[in-house]
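Okay, here's what each chain looks like letter by letter:
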Amino acid sequence: MRKITFFLTFFLILTLTSFAAVFQKTDNGIKAITQDMNVEISFFSPQIVRVVKYPGGDKLEKASLSVVKIAEKTELNFFENGLYVEIESEKLKVKYNTTTGRVAFFDKSGNVLFTEKDFGTQFTPTMDVKKNSYTVRQAFKLDKKEAIYGLGQIQNGKLNQRGERIVLKNENMKIAIPFFQSVKGYGVFWDNYAPVTFNDNAQELSLESLGDLSDYYFMYGGNAAGVVAQMRDLTGESPMIPLWGFGYMQSRERYKTQFETVEVLKKYRDLNVPIDGIIQDWRYWGQDSNWNAMQFDNTSFPRPQEMVDSIHKMNGKLMIVAWPGFGPQTNQYKEYNEKNMLIRFDTWPPKSGTTPYDVYNPEARDIYWNYLNKGVFSKNTDAWWLDSTEPDHINVKPADFEQPTHLGSYNSVINAFPLQHIKGVYENQRKTTSAKRVFILTRSAFAGQQRYGANSWSGDVISTWETLQNQVPAALNFSMSGLPYWNADIGGFFLWRYNGHNALKLKSYHELYMRWLQFGTFTPMMRSHGTDAPREIYQFGKRGERSFDVIEKYIKLRYRLLPYIYSTAWEVTSGAGTFMRPLVMDFPSDEKVQNLTDQYFFGASVMVAPVLKSMYVNRANDKETESYSEIKSREVYLPAGSVWYDFWTGEKLQGGKTVSKQAPIDIMPLYVKAGAILPFGPDVQFSTQKKWDKLEIRIYRGADGKFVLYEDENDNYNYEKGMYATIAFEWNDKNNTLTVGQRNGKFPGMLKSRTFNIVLVDAANGAGDKPAASVTKSLKYSGKPLKVKL
């Protein structure tokens, strides 16, 4: 017995001695070696943890392209328990298994949030062109019914991405972001820029990609909004875009002369239809051999400064396209070629010799801007359309992915192409001027791109109902990935479905276009664009005709909502907010919303239920004779835990049920949460036509509520210096009392006094897109606090 005790004691001492040698504490975590694998667990904050693993003998050398946060000093407690090391912050517990290498995450109460699998990290040697590298695979284990969201913009029609196998590689209509978040309130960012295979099945969730290390960040937010806030903290906050960027934008593939571009804006002004932006697509530079020359063709755009000035005189703004590829006759191509700054594969357009530049090279990005600034921005243009930022890749050959870039093989950094390209334009415009905010429309994205003033659109989608249906969950997953600005080509880009027919003469296309535009009204950017047929409002008829009137109605509604939209943009910038919010963000425990793909919140208060199916029936083979069916309603789920108001009628409804909402062609179902405070602006022809000196403040009773109205100079960066103002509104439902707080801050041109027309919404007053029939109380406000009982 004494021998047994001796050997057990000896074994225990030996085990503990060996255990003590396998890890060491660091300033923000631990370093360890397990299975000839280096492991580093580092707290970047009490809620964000980085986990890095790489083969023994290798050195960790990595500068992240996405992560900008520097690890903050975090108070940690360490515990050794047998084969485990536990690290605890004020928000999280992390447990590391020194034998299997498994890392698991727990909340402060000890509940499992997320865990790797035992022996779940694998490094398979491979070659990255001539460099020794690995196929890195990390496996995790999720709860059986745990819903997850994100992965960028995946147009598979699903919100919950459980059970999916997806190769995350950027391409037209697909935005790949190796980030997901769970309904349990955590998120995971796999910091890798090569194509990533995401695979979730009954056994595990795995991430696999080319790389030198397994490198991911775990973040705990408690809920979806909190996770988005942690992702922004990690990868950068989103700057304000100009107020005019939330107005209506008109585009076409393409306006062929400067005179056509100006004339479109003039027609809108003559018709008194609101508009802010006109967008110039490709070939303003001339022939394809001169592709993306960043200069104006002498024949079709002979006086570009006159074009820009004419647009500005009509109170419009000009967004203009630029691409990452250059034709062989351009000066850019020649300079990049001489300096070996081209990534040598074929990009759009076909058979032109066009080649993309090395966006990963800082000097190459500066060269890009020098040409763009001299040839275009110097004309006082207003915004950028950076197209083909995946980029387009044609005549694909395996050797294309082996092309060298400034940061390694093209394949190893391919998904970061849009991030680096857009970074160059944003940072260089910021260096050039602070008088005009950077505003970028782009077709692709990667984690961290929100910090560059970019709004991603869903690509060259086909004009079908199925495509429209897919836009909603695609947008919501994109937003859940931490990027707040998204939009789509209203009406769809390609009209292939209508081949052989003039789509503009078909009621079926009019219906799809109107429904798509209604949806687009409640996205961060309202932009009409497409090919095969023009999409300007006057192409759909004239005032007094159904299609024209419906389109105009929603454009005008967009402008009346600008105070709400712009204030939401400030919440995005200052509070890591989200424009397009799936219902699961606010009702995570309601299983009915965990894969709800056809409803969402726009901002904090307005629930949008777009009509995503046709209400027409084809009563004859001749498509020109299509007629309405009698089906003009759609079902809408109203989550429990809130009272809801029908935006159009003011009807008050209890949550926890599904309702059938009548939806004739001019009505898209909208519901407002009780407790909401919505500011409505004036009817205008462009965003800054009138001051917000008389705002209608709608209060939806049934719960307490808050809203912060934000204002600044609309289009510069003085807000970063504190030149802005906020006014807080607070509704006490029990006491029927509205408090308008002290105005905080100031800026040049700020209103000294104004009128708030307060409207208590009900079925008799304050519903719909028109001004309220009667005002409950009119308040004169000069910046001092007011409290009024209604």
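This text follows the structure it describes.
What you see is a predicted model, and the numbers here were worked out from it, not measured in a lab.

**Student:** What's the story with the nonpolar core in this structure? I'm lost.
**Tutor:** In terms of nonpolar packing, the biggest core is built from 200 residues, with Phe 189, Tyr 368, Trp 384, Phe 522, Phe 729 and Phe 756 touching the most fellow members. Every residue in contact with Phe 756, bar those within four places of it in the chain, is listed here: Leu 695, Ile 697, Leu 709, Ile 727, Phe 729, Val 740, Lys 777, Ser 778, Leu 779 and Tyr 781. Counting residues in each nonpolar core, the second largest holds 41 residues, with Ile 148, Leu 151, Leu 168 and Phe 180 among its members.

**Student:** In this structure, what is going on with the environment of Gln 449? I would like to understand it.
**Tutor:** Counting through the fold element by element, Gln 449 comes out in the loop between strand S26 (440-442) and strand S27 (454-457). In this structure, the C-alpha to C-alpha distance between Gln 449 and Thr 354, residues 95 residues apart in sequence, is 25 Å.

**Student:** Just checking my understanding: could you explain the side chain of Thr 98 for this structure?
**Tutor:** Topologically, Thr 98 is positioned in the loop between strand S7 (92-97) and strand S8 (103-107). A distance of 2.8 Å separates the side chain of Thr 98 from the backbone oxygen of Leu 83, its partner in a polar contact.

**Student:** So what exactly am I meant to see when it comes to the sheet that holds strand S16 (residues 205-211) here?
**Tutor:** With antiparallel pairing, nine strands are arranged side by side in an open sheet as S5-S6-S7-S8-S9-S10-S16-S15-S12. Both outer strands of the open sheet, strand S5 (77-81) and strand S12 (165-168), are each paired with one neighbouring strand and no more. Along the sheet, successive strands turn relative to each other by an average axial angle of 20°, direction set aside. In terms of strand pairing, strand S6 (residues 84-88) meets S7 through five bridges, oriented antiparallel. Residue pairing for S7: Glu 86 is matched across the bridge by Lys 95.

**Student:** When you look at the pattern of salt bridges in this model, what are you seeing that I'm missing?
**Tutor:** Once their charged atoms are close, side chains differing in charge can pair, the charge on each being opposite to the other. Within this structure, the stated rule accounts for 43 salt bridges. A salt bridge links Asp 387 to Arg 443, with the nearest nitrogen and oxygen atoms 3.7 Å apart. In this pair, Asp 387 is assigned in the loop between strand S23 (383-386) and strand S24 (404-405) and Arg 443 in the loop between S26 and S27, connecting sequence segments 56 residues apart. For Arg 443, a relative accessible area of 3% translates into the label buried. For Asp 460, the salt bridge is made with Arg 443, and the minimal N-O distance between the two is 3.2 Å. Of this pair, Asp 460 sits in the loop between S27 and helix H9 (465-480) while Arg 443 sits in the loop between S26 and S27, and the two are 17 residues apart along the sequence. By the burial criterion, Asp 460 is buried, and Arg 443 matches it.

The rules we used
Residue indices follow the written sequence of each chain, beginning from 1 at its first position. Where local features are concerned, this predicted model is filtered to residues with pLDDT of at least 70; where side-chain atom pairs are given and counted, the filter is 80 or more; whole-chain, interface and lining totals use all residues. Heavy atoms throughout the structure, all of them, feed into the side-chain values; hydrogens and water do not. Only buried residues count toward a nonpolar core. Its members are Ala, Val, Leu, Ile, Met, Phe, Trp, Tyr and Cys residues joined through side-chain atoms within 4.5 Å. Working definition: with a 1.4 Å probe on protein chains only, accessible area under 20% of the residue-type maximum means buried, over 50% means exposed, and in between means partly exposed. Only heavy atoms matter for contacts: two residues are in contact if any of them lie within 4.5 Å across the pair. In DSSP terms, a helix is any run of H or I states spanning at least four residues, a strand is any run of E spanning at least two, and both are numbered starting from the N terminus. Any pair of nitrogen or oxygen atoms within 3.5 Å is treated as a polar contact; in protein, a donor-acceptor pairing is required on top of that, and neighbouring residues in sequence qualify only through side-chain atoms on both sides. A pair of strands is considered paired only if DSSP assigns at least 2 bridges between the two. Between N-to-C directions, angles span 0 to 180 degrees; the directions come from axes that are lines fitted to C-alpha atoms, helices contributing only their stretch in contact. Whenever a carboxyl oxygen of Asp or Glu lies within 4 Å of a side-chain nitrogen of Lys or Arg, that contact is scored as a salt bridge.

Coordinates in, geometry out; function isn't part of it.
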